[in-house]
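Single-letter residue listing:
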Amino acid sequence: MKPPIINRFTPPTTVLITHETYPPAGECIYCRRPNLTLTEEHIIPAGIMGRLVLPEASCHDCREATHIHETRFQNLQIPGFKTRLRLSRRGNPKRSRVRIEKIHPNGTREILNPKANEVPTFLSMPRFDFPTLILGREWESPPEFVGTVLSPDSPVPAEEVAEGNFSTTIRINVTSFCLMLAKIAHSFAVAACPPEQLQKYDLLLPDLIRNGADKAPTHVVGGELKSTPPQGADLHEIAAGDATSEFGRFLSVRIRLFAPWHTPVYHVLAGKYRDPS
C-alpha cells in the first residue's frame with residue numbers, strides 16, 4: 001500500500017515565540033449548543049507554553065471534558081520534564097522537588113524528594129502508525145514508547161545516593177493522550193484552516209472529544225513510525241493539510257509536542273472530505 005500523501009494548506013505554526021489570537025469562534029466548537037457562556041481555548045495546553053488562542057470557543061461542560069486529559073498529561077506523564085523546562089507553575093527547578101524511590105541493597109525502600117535539577121528527568125511518548133482510517137487496516141503492532149532523558153544540572157550528592165537503585169514513575173494513559181491530541185487537532189483546524197477549506201469536510205472529532213473513548217481512537221489518531229528531525233528550534237510544531245490515500249481524503253493535523261527532543265510526530269484526522277456529488 002502506498003503511504004498517505006499529505007499536502008499542507010496552513011503553514012507550519014510555531015508556538016514557542018509566537019502568541020497568536022485567532023478571530024473568536026462565537027460558539028462552542030465541540031457541542032455547538034446555542035446561548036452558552038464561552039471561554040477561550042488554548043489550542044495546545046497553556047501549561048506547556050501553548051500560545052495559540054481561540055477566543056469564545058468552549059462552553060463550561062466541554063472545557064471540563066478537555067481539561068481532564070490536558071491535566072492528566074501534564075501532571076502524570078511529564079511532571080518532572082515540565083518542571084525542568086520551567087513550564088511548571090511551581091517555578092524554579094532548582095527549588096522544586098520531585099519524588100523518586102530508592103531501593104536499598106537489603107530490599108528496603110525509601111522515598112526521596114531531591115530538587116528537580118539534581119536527578120535525570122524523563123520524557124516518554126507513544127509512537128503510532130498512521131490512523132487506521134487512512135491506512136485501511138489495523139496497526140500491525142501496538143504503539144511503542146520512545147523517550148529522552150535530561151541529565152541533572154547538579155547531581156544529588158554521592159553520599160545521599162550511594163549503594164542503591166532508583167526508580168520514578170511516569171503514568172501514560174494512551175487513550176487519554178490520544179483524546180488530548182484530538183482536542184488540539186480539532187481546535188487548530190477550526191482556528192487556522194480557511195473556512196472555505198473547512199466546509200469541504202465532515203468533522204470527525206467533536207463527539208469523540210466530548211464523549212471520550214474506552215480505548216485509544218486509532219481510527220483518527222496516529223502518527224509516523226519513522227523518526228524525523230525537528231523542523232526548527234520551536235518547542236511545538238503544528239500544521240494542517242489535506243491527506244489522501246486509496247481509502248479516502250481527509251483533513252489531517254500534524255502535531256509534534258516538544259519537537260527539539262525528537263519526539264514522535266502525530267497525525268490526527270480532523271475531517272473527512274465531503275463528496276460534492
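The rules behind each value
- Residues numbered from 1 in each chain as written.
- Predicted model: local features only at pLDDT ≥ 70, side-chain atom pairs only at ≥ 80, totals over all residues.
- Heavy atoms only, no water.
- Helix = DSSP H or I, 4+ residues; strand = E, 2+ residues; numbered from the N terminus.
- Contact = heavy atoms within 4.5 Å.
- Polar contact = N/O pair within 3.5 Å; in protein donor to acceptor, adjacent residues only side chain to side chain.
- Pairing = 2+ DSSP bridges.
- Axes fitted to C-alpha atoms, helices over the stretch in contact; angles between N-to-C directions.
- Parallel < 35°, antiparallel > 145°, perpendicular 65-115°, else oblique.
- Left-handed = near helix turned anticlockwise from the far one by under 90°.
- Salt bridge = Lys/Arg side-chain N within 4 Å of Asp/Glu carboxyl O.
- Buried < 20%, exposed > 50% of the residue type's maximum accessible area, 1.4 Å probe, protein only.
- Core = buried A, V, L, I, M, F, W, Y, C linked by side-chain atoms within 4.5 Å.

What am I meant to see in the environment of His186 here?
Along the chain, His186 turns up in helix H5 (residues 174-192). Distance in space between the C-alpha atoms of His186 and Gly271 is 8.8 Å, their sequence separation being 85 residues. When sequence neighbours within four positions are dropped, the list of residues in contact with His186 reads Ile29, Tyr30, Leu203, Leu205, Pro206 and Ile209. Looking at His186, its side chain comes within polar contact range of the main-chain oxygen of Ile29, at 2.7 Å.

Would you take a moment to explain the sheet that holds strand S3 (residues 20-21) for this structure?
Read from one edge to the other, the open sheet built from three strands follows the order S3-S5-S4, with strand pairing classed as mixed. A strand with exactly one partner marks an edge of an open sheet, and here the two such strands are S3 and strand S4 (39-42). Where S3 meets strand S5 (residues 52-58), two bridges bridge the pair, whose relative direction is parallel. Across the sheet, the residue bridging to Glu20 is Leu52, located in S5. With respect to the sheet, H5 is in contact with S4 and S5, its orientation differing from that of S5 by roughly 90 degrees.

Help me understand the packing of helix H1 (residues 60-77) against H5, please; the structure alone is not making it clear to me.
At a closest axis distance of 9 Å, the pairing of H1 and H5 adopts a crossing angle of 125 degrees. The pairing of H1 with H5 is recorded here as oblique in orientation. You can see that H1 and H5 cross each other, and the crossing is left-handed. Where H1 abuts H5, its residues Thr66, His69, Glu70, Arg72, Phe73 and Gln77 lie against Ser176, Phe177, Leu179, Met180 and Lys183.

Just to check I follow, could you spell out the pattern of salt bridges for this structure?
When the charged atoms of two side chains with opposite charge come close together, those side chains can pair. Here the structure, examined in full by the defined rule, presents ten salt bridges. Residue Arg32 pairs with Glu27 through a salt bridge whose shortest N-O separation is 2.1 Å. Judged by relative accessible area, which is 40%, Arg32 ranks as partly exposed. With a shortest N-O distance of 2.9 Å, Asp202 and Arg274 are connected by a salt bridge. Residue Asp202 is found in strand S11 (residues 201-203), and its partner Arg274 is found in the segment after strand S15 (266-273); the two are separated by 72 residues along the sequence. One salt-bridge network, held together by shared partners, links Glu41, Glu70 and Lys183.

Honestly, the pairing of strand S14 (residues 248-256) in this entry has me stumped. Any pointers?
Along a regular strand, successive side chains alternate from one face of the sheet to the other. Extensive coverage of S14 is indicated by the burial of seven of its nine residues. Of the strand pairs in this sheet, strand S13 (residues 237-245) and S14 are connected by nine bridges, and their pairing is antiparallel. Looking at S14, one finds that Ala240 is bridged to Val253. As consecutive antiparallel partners, S13 and S14 are separated by two residues. Direction of pairing for S14 relative to S15: antiparallel, over a ladder of six bridges.

Mind showing me how you'd approach the nonpolar core here?
In summary, soluble globular proteins display a tendency toward joint burial of nonpolar side chains. Core analysis: the biggest nonpolar cluster contains 59 residues, and Leu205, Val253, Ile255, Leu257 and Phe258 have the highest contact counts within it. It is H5 that contributes the most residues to this core, eleven residues altogether. Apart from residues no more than four positions distant in its own chain, Leu205 is found in contact with Ala182, Ala185, His186, Val220, Val268, Leu269 and Ala270.

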